[in-house]
Amino acid sequence: MHRALPVAIRKGNNAMHVSTSPKFRENAHDALLDQSLQRALGRLKTGFKDKRSAAIAALPEFEALRDKAVEIKNHTLENLDHYLTAFEANVKANGGHVHWCKDSEEACQTILKICRDKDAKSVLKGKSMISEEIGLNAFLEKQDLQVVETDLGEYIIQLRHEPPSHIIAPAIHVHKEQVADSFRATHKGRDPNRVLDEPRDLLDEAREVMREHFFAADIGITGANFLIAETGTSVIVTNEGNGDLTQTLSRVHIAVASLEKVVPTLEDASTILRVLARSATGQEMSSYTTFSTGPRRAEDLDGPQEYHVVLLDNGRSNMLGTDFQDMLRCIRCAACMNHCPVYGAVGGHAYGWVYPGPMGSVLTPSLIGINQSGHLPNASTFCGKCEEVCPMRIPLPKMMRHWREREFEKHLGASSVRYGLKGWAFMASRPRLYRAATGLAARLLRILGGGRGALRSLPFAGGWTQIRDLPVPEGKTFKQLWEEQQKNKSRQDGGPK
Amino acid sequence: MSNSTSRDAILGRIRHSLGRPAQMPDTPPDTPDEVTDRLKNPVANLIPARAQLPHAQQIDLFIKMATQVSATVTRVGSPDDIPREVARYLADQNLPARVRVAPDAGISGLAWDQTMLDISAGIAGPEDAVSVTPSFAAVAETGTVMVRSGPDHPYTLNLLPDTHIVVVHASRVTGCYEDVWARLRQSEGHGNMPRTFLWVTGPSRTGDIEQTIQLGAHGPRRLHIVLVDDT
Ligand code: SF4
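Conventions we followed
Residues numbered from 1 in each chain as written. Chains lettered and ligands numbered in written order. Predicted model: local features only at pLDDT ≥ 70, side-chain atom pairs only at ≥ 80, totals over all residues. Heavy atoms only, no water. Helix = DSSP H or I, 4+ residues; strand = E, 2+ residues; numbered from the N terminus. Buried < 20%, exposed > 50% of the residue type's maximum accessible area, 1.4 Å probe, protein only. Contact = heavy atoms within 4.5 Å. Areas by Shrake-Rupley, 256 points an atom, 1.4 Å probe, with all protein chains shown as cover. Polar contact = N/O pair within 3.5 Å; in protein donor to acceptor, adjacent residues only side chain to side chain. Pairing = 2+ DSSP bridges. Axes fitted to C-alpha atoms, helices over the stretch in contact; angles between N-to-C directions. Near = heavy atom within 4 Å. Nonpolar A, V, L, I, M, F, W, Y, C, P; charged D, E, K, R; others polar. Disulfide = S-S within 2.5 Å. Buried area = accessible area lost by both parts, 1.4 Å probe. Salt bridge = Lys/Arg side-chain N within 4 Å of Asp/Glu carboxyl O.

Chemist: Quick rundown of the overall build of chain A? Include the residues and the values.
Modeler: Regarding its fold elements, chain A presents 22 helices and 12 strands. Residue burial in chain A is summarised as follows: out of 497 residues, 61% are buried. Considering only contacts within chain A whose residues lie at least 6 apart along the sequence, 72% involve residues at least 24 apart. Total accessible area computed for chain A in this model is approximately 18800 Å², and 53% of it derives from carbon and sulfur atoms.

Chemist: Can you lay out the environment of D151 of chain A for me, pointing to particular residues and giving the numbers?
Modeler: Tracing the chain through its elements places D151 of chain A in the loop between β3 (146-149) and α10 (152-159). A C-alpha to C-alpha distance of 24 Å links D151 of chain A and H339 of chain A, two positions 188 residues apart in sequence. If sequence neighbours within four positions are ignored, D151 of chain A has contacts with K125, K127, P170, E240 and N242 of chain A together with D208 of chain B. At 3.1 Å, the side chain of D151 of chain A forms a polar contact with the backbone nitrogen of G153 of chain A. At 3.0 Å, the side chain of D151 of chain A forms a polar contact with the backbone nitrogen of E154 of chain A.

Chemist: If you had to explain the sheet that holds strand β12 (residues 222-228) of chain B to someone new, which residues and values would you point to?
Modeler: Residue and element names in this part refer to chain B. If you trace the six strands from one edge of the open sheet to the other, you get β1-β12-β7-β4-β2-β3, paired in parallel fashion. Each of the sheet's edge strands pairs with one partner strand only, and the pair in question is β1 (72-76) and β3 (118-121). Direction aside, the axes of adjacent strands within the sheet are offset by 25° on average. Contacts from helix α3 (residues 55-68) reach β1 and β12 within the one sheet, and its direction differs from that of β1 by about 150°. Packed on one face of the sheet, helix α4 (residues 82-92) meets β1, β2 (98-101), β4 (130-133), β7 (163-169) and β12 and runs near 150° to β12.

Chemist: Describe the site of the ligand, with residues and values.
Modeler: In the vicinity of the ligand lie 13 residues, with C330, C333, A334, C336 and C390 of chain A positioned nearest. When grouped by side-chain class, the residues that make up the shell around the ligand number 12 nonpolar, no polar and one charged.

Chemist: Residue-level account of the state of the cysteines, with values.
Modeler: All names here are of chain A. Within the structure shown, the criterion is met by zero disulfides over all chains. Left without a disulfide partner, C101 is nearest to the cysteine sulfur of C108, which lies 9.1 Å away. Among the cysteines around C383, which has no disulfide bond, C386 carries the closest sulfur, lying 6.3 Å off.

Chemist: Could you give an account of the interface of chain A and chain B, with specific residues and numbers?
Modeler: Each partner contributes residues to the interface: chain A has 109 residues there, and chain B has 82 residues. Taken together, the two surfaces of chain A and chain B that pack against each other cover about 8000 Å², and 56% of this comes from carbon and sulfur. Looking at the side of chain A facing chain B, the largest losses of area belong to R207, E267 and R274 of chain A, adding up to 9% of the total buried there. The interface formed by chain A and chain B includes 13 salt bridges. With its nearest N and O atoms 2.8 Å apart, the salt bridge here joins R185 of chain B to E267 of chain A. There are 51 residue pairs in polar contact (both at pLDDT 80 or more) connecting chain A and chain B. The leading source of residues in the side of chain A that touches chain B is helix α12 (residues 199-216) of chain A, at 10 residues. Looking at the side of chain A that touches chain B residue by residue, the class counts come to 44 nonpolar, 34 polar and 31 charged. Judged from the five bridges that link them, strand β9 (residues 288-292) of chain A and strand β9 (residues 196-200) of chain B form a sheet pairing that is antiparallel. Note that in β9 of chain B the partner of Y288 of chain A across the bridge is V200 of chain B.

Next up, the structure:
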């Protein structure tokens, strides 16, 4: 199956990933017919969703922690200039360097200069979505640097010359047989008849190969889940331990992070950490949470000699004070895509740029422009599940509607999209009618779906939804359920007060 | 190239977007007290109830949570028991008797010669399969062990060997992460951090191939906790 992958990545010849987002419909169409992809996407439920539910059920304070996490990020964003300068001062006080970069080009050039100053030949990388955003690998390779991804999933897609299809499970679309093929083609000098049937065999081989890279690396690049203003610390959250080895065994550690990763204190980071892993993989905490501050101290026996933070803006400062400021609370947990019926049907590559799923549909237009990402805000059934599971309570559906309205104003949408939106706006401004109609639609869909649990077509949805199975709404709309729940509650509480 | 122009441009745009006046070089910083206070006197946010148990129960919870994430835990009565416990564990698991330990008096200074283990102290290299390290603290909430880098604790010992044996003193088991930050500020001074401060919650793992969880991705396959009852 030939899904349209971002061209620049495939050819490795351009600093910035070229977006195929405008082709979302075509990409989605291909993805729906890709059996191998469909099999892989079937694993989202047991892999992530069920575990998330279990982890949340085990922590009664989860909802209250979400509120706290939102509060922390909102406060930080409102004071972003102050916290960033405090962070910078503390990095410097610990002997590190901060590089402010306006865009991808400046960030890539900055990293290249650090590599050149150190006369580096090889660069090891821990998983970093920002480095994907700025197209770092392709850029460095073009400059004759050897770049090796150390996260197993990232390594697999690097060998396959593909972009990630998920922000925390980049190779979620790949099967073990395909991994084995890539390993046989790349890891030369090994017994061609060796057994590579099971994930364990593959992991053991990757581990061995990676060890050689770890000990030979000049520069180690990681992302950052948080930057802590109080101490000038960058934090990475991993399960494999690859990020730690990357930054510890290299001479120079470069942390690449976007502006909004900053939080005030260690306590604030700890609060958000309580919702991060639970929302992402359903773990109570990831295996490794690493707080890195400055280069190795004079008496230390190991650790990097230099520590750099590349601080990327790339359009984020313009999102502040707009309808899209809330998006800067995102902690990249991927819960929204794990639970999105559209992502679950078409996978990550169909979205055509670095960030897939609902968060990508909102963020991509902000970062590369609505012209480059036209259909993404339409890649939604507006079921509201993404907002429901987002630990940072980001109103993703509302933001997608904002983009649709802007797209509508610009007349970028196809006429069916425009009319659909007009209809929606008419209904939305008449809440009673809207409720009745959506309730009616849910009942109707249930009848149409029969016992099969999925629908082949959805009236009014048009476009790409015509060929995909829509999940049949489970009985009532959220609103109906909520209202009932409220009624029951007030009954239990002894009536409304 | 990144330079002060980019810094000023980015900060300028942030301030503009937030509706604040441009910051001139000669205007004093307008950092609100709220921000300065928050950085100076960090306060805990919400602490889950499970992290607020009496100490004895915290220890039980720590063991339960660590075991849930595939670590193993053995309790010993005193530090003198550590070498014997390490030898027992390695023999039970059929692991090599060559052990790299942290050059920390509390570990390397133990009576290792009562065991048959081949002990050396220092950083970890590619051939080291087993390490023994101290820890800074441990947190009951999620069964997490905190280790810090320093001259007596090379960081590579936590990640490179296939088996990481970490010593936790019961008196250093706390309820929540926030307690650990308080202790760290006490020992390092406010705002100071070691080069690396690591939370370890179970051994290394990956689900990157077909979402099947495998232990020992790049870091240790086994995490064994020796819990010393010193309370
Ligand atoms: S938008 Fe919310 S759910 Fe999606 S990745 Fe960001 S924080 Fe997670």
